[in-house]
Each structure stands twice: as structure tokens, then as C-alpha cells.
Amino acid sequence: LFWRQELRGSALKKLILAFLLSVSTTFSFAENGSLKEYSEVVEINNTPQKTIYDAAKIWVAKSFKSSNSVIQYEDATTGTILGKGNMAYPCKGFLNCIAHEGYIVFFTLKIDTKDNKARVTFSDMSIKVPANSMMEAFEIEVKSQADKTNVEQTLKQIISTFQTSVQQASVD
């Protein structure tokens, strides 16, 4: 009887230790694995910096509800536009969309323009989870693999619309 109790105790200790190690590993991975920034350089051939800059401002005005509240800083000389924006959480599939209804992704948007190219950077990303009858609203990092994949794919699409818009403006 004593031997069984001692075996159960040591097996339980090993199980608890294994659980604690796996939890600490998960938390450190989740903390290090969050999506902090996404950036792409967009080539716009044969287009001067001023044309790209002006087209970028127009794109921001058309892409966001109010460009005045989005743009926090702009400098035509350096070709920099900096702002705060948000978008609906980019859910995929029926169940995912139901689970993420009302979620909003917040970000800082920075566009750096130069002759023939622009760098579009999204940073400071977080997901706002809306309040419901059981809890208040709160923000989380973009850290689950599904969230990172969904957000990255949508940011790529947004940058693609930016590139198309700026290229079209350079032709006009």
C-alpha cells in the first residue's frame, strides 16, 4: 500500500511538472510569436516620389472612412505618411466569422515613398474583442496562427489595392 501511494505521488509530481513546463513553453512561444509588424516594398516604375506620395494620400482618403482621423503625421519632403487605422477582423468560413463577429483589428499605418517605390508598413497590431453580456471589451495581440494568417492575407490584399491605385494614378 505504501509503495502504491509513493508511486502515485511521484507520478503525480512528474505529471504536474510536465504540465507546468508545457504551459510556460506555450506562453513564451505565444508571447514571442505574435504578429507585431507586416511590411512590403511596392515597386512603381518610372514614377517620381511626389506622384507616389500624392497618390498614397488619395488612397488613404478613399480606403478609410475619414483620412483626417487616420493620418496623424505627413511630410511631403520625406515622403512619409503615418496614421492609425482599423478594419473588421478578416474571418474565414462560417464558424470563424460567427466566433469573431464584431472583432476589429487596430494598427498603425506607415507609408514611406521614394522615386519608383513605396514601403507600406502595418505595426502596433491588436484585435479588439467586443463586449457581450458576460464580459467587457478588451484587446489582444495577433498571436494565434489562424489570426496571424487571416490578418497577413488581408494586409497583403490591402497593399495590393494600394499598389494598383498608385500605379493607376501614375498613368493618369
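Everything that follows concerns the structure shown earlier in this document.
Starting afresh in each chain, residues are numbered from 1 along the sequence in its written order. It should be noted that, the model being predicted, local features are given only for residues of pLDDT at least 70 and side-chain atom pairs only at 80 or more, the latter also being counted only at that level, while totals for whole chains, interfaces and linings use all residues. With hydrogens and water excluded, all non-hydrogen atoms of the structure serve as input to the side-chain values.

1. Quick notes on the pairing of strand β2 (residues 71-75)
- With 4 bridges connecting them, β2 and strand β3 (residues 80-88) associate as antiparallel partners. Pairing of Ile-71 across the sheet is with Gly-83, part of β3.
- Should DSSP find at least two bridges between two strands, the strands are taken to pair. To qualify as a helix, a DSSP run of H or I must reach at least 4 residues; to qualify as a strand, a run of E must reach at least 2; elements of each kind are numbered from the N terminus. Linking β2 to β3, which pair antiparallel, is a turn of 4 residues; within it Gly-79 sits at a positive phi near 75°.

2. As for the packing of helix α2 (residues 49-63) against helix α5 (residues 145-171)
- Axes, fitted as lines to C-alpha atoms, cover a helix only where it is in contact. Angles between the N-to-C directions of the axes lie from 0 to 180 degrees. Look at α2 against α5: their axes get within 9 Å of each other, and the N-to-C directions meet at 125°. For the element pair α2 / α5, the angle class is oblique. In this structure, α2 meets α5 at a crossing whose hand is right-handed. From α2, Thr-51, Ile-52, Ala-55, Ala-56 and Trp-59 reach across to α5, where they touch Ile-158, Thr-161, Phe-162, Ser-165, Val-166, Ala-169 and Ser-170.
- Ten residues, namely Ala, Val, Leu, Ile, Met, Phe, Trp, Tyr, Cys and Pro, are considered nonpolar, four, namely Asp, Glu, Lys and Arg, are considered charged, and the remaining ones, Gly among them, are considered polar. Here the contact of α2 with α5 is built from residues that sort into 8 nonpolar, 4 polar and no charged. If an angle is under 35 degrees, it is roughly parallel; if it is over 145, roughly antiparallel; if it lies from 65 to 115, roughly perpendicular; otherwise it is oblique. Helix crossings are classified by the rotation of the near helix relative to the far one: an anticlockwise turn of less than a right angle makes the crossing left-handed, while a clockwise turn makes it right-handed. Note on contacts: a residue pair qualifies if any of its non-hydrogen atoms lie within 4.5 Å across the two residues.

3. Some points on the nonpolar core
- Membership of the largest hydrophobic core comes to 34 residues, with the highest contact counts inside it found for Leu-109, Phe-122, Met-125 and Phe-162.
- Of all the secondary structure elements, the ones that give two or more residues to this core are β1 (37-43), α2, β3, β4 (104-114), β5 (117-129) and α5.
- Non-local contacts of Phe-162, meaning those with residues more than four positions away in its chain, are made with Val-42, Ala-56, Trp-59, Ile-111, Ala-118 and Val-120. To define a nonpolar core, start from buried Ala, Val, Leu, Ile, Met, Phe, Trp, Tyr and Cys residues and group those joined through side-chain atoms within 4.5 Å. Note on classification: 1.4 Å probe, protein chains only; a residue is buried when its accessible area is under 20% of the maximum for its type, exposed when over 50%, partly exposed between these limits.

4. Things to note about α2
- With 15 residues, α2 should cover 21 Å at 1.5 Å per step; its first-to-last C-alpha distance of 20 Å lies within 8% of that length.
- Those residues of α2 that fall on the buried side of the exposure criterion are Gln-49, Ile-52, Tyr-53, Ala-55, Ala-56, Trp-59 and Val-60. Expected helix span is taken as 1.5 Å per residue step, with the number of steps being one fewer than the number of residues.

5. Points about the packing of aromatic side chains
- For Phe, Tyr and Trp, rings pair up if their centres lie within 6.5 Å, where Trp contributes its six-membered ring, and each pair is then called stacked (planes under 30 degrees apart), edge-to-face (over 60) or tilted (otherwise). By the definition in use, this model includes 5 aromatic pairs.
- Considering the side-chain rings of Tyr-89 and Tyr-103, the 6.1 Å spacing of their centres and the 70° angle between planes classify their relative orientation as edge-to-face. One end of the pair, Tyr-89, is in the loop between β3 and α4 (94-99); the other, Tyr-103, is in the loop between α4 and β4, with 14 residues separating them in the sequence.
- Classification of Tyr-103 by relative accessible area gives buried; the value is 18%.
- Their ring planes at 80° and their centres at 5.1 Å tell us that Phe-107 and Phe-122 sit as a pair that is edge-to-face. Remark: Phe-122 occurs in strand β5 and Phe-107 occurs in strand β4; sequence separation between them is 15 residues.

6. Some thoughts on the side chain of Asp-147
- With respect to the secondary-structure elements, Asp-147 resides in helix α5.
- Those residues in contact with Asp-147 that lie beyond four places of it in its chain are Tyr-89, His-100, Ile-127 and Val-142.

7. Quick look at a nonpolar patch on the surface
- What goes into a patch is any residue over 30% in relative accessible area without a salt bridge, connected to like charges within 9 Å or, for nonpolar side chains (Val, Leu, Ile, Met, Phe, Trp, Tyr), within 5 Å. Here the Shrake-Rupley method, with its probe set to 1.4 Å, supplies the accessible areas, and only the displayed protein chains count as covering residues. Should a side-chain nitrogen of Lys or Arg be within 4 Å of a carboxyl oxygen of Asp or Glu, the pair is scored as a salt bridge. Taken together, the side chains of Met-134, Met-135, Phe-138 and Ile-140 present a nonpolar region at the surface, about 400 Å² in accessible area.
- Locating Met-135 in the fold gives a position in the loop between β5 and β6 (138-140).

8. A closer look at the side chain of Thr-154
- As for its placement among the helices and strands, Thr-154 is situated in helix α5.
- Judged by its relative accessible area of 13%, Thr-154 is buried.
- A distance of 3.0 Å separates a polar side-chain atom of Thr-154 from the backbone oxygen of Asn-150. Counting of polar contacts relies on pairs of N or O atoms within 3.5 Å, with two restrictions inside protein: one atom must be capable of donating a hydrogen and the other of accepting it, and residues adjacent in sequence are counted only when both atoms are side-chain atoms.

9. Thoughts on unusual backbone geometry
- If you check the backbone angles, Asn-46 has positive phi at about 55° while not being a glycine.
- Here Asn-46 is to be found in the loop between β1 and α2.
- Of note in the backbone geometry, Asp-124 takes a positive phi value of approximately 50° without being a glycine.
- Following the sequence through the fold, Asp-124 ends up in strand β5.
- Looking at Asp-124, the relative accessible area reads 52%, which means it is exposed.

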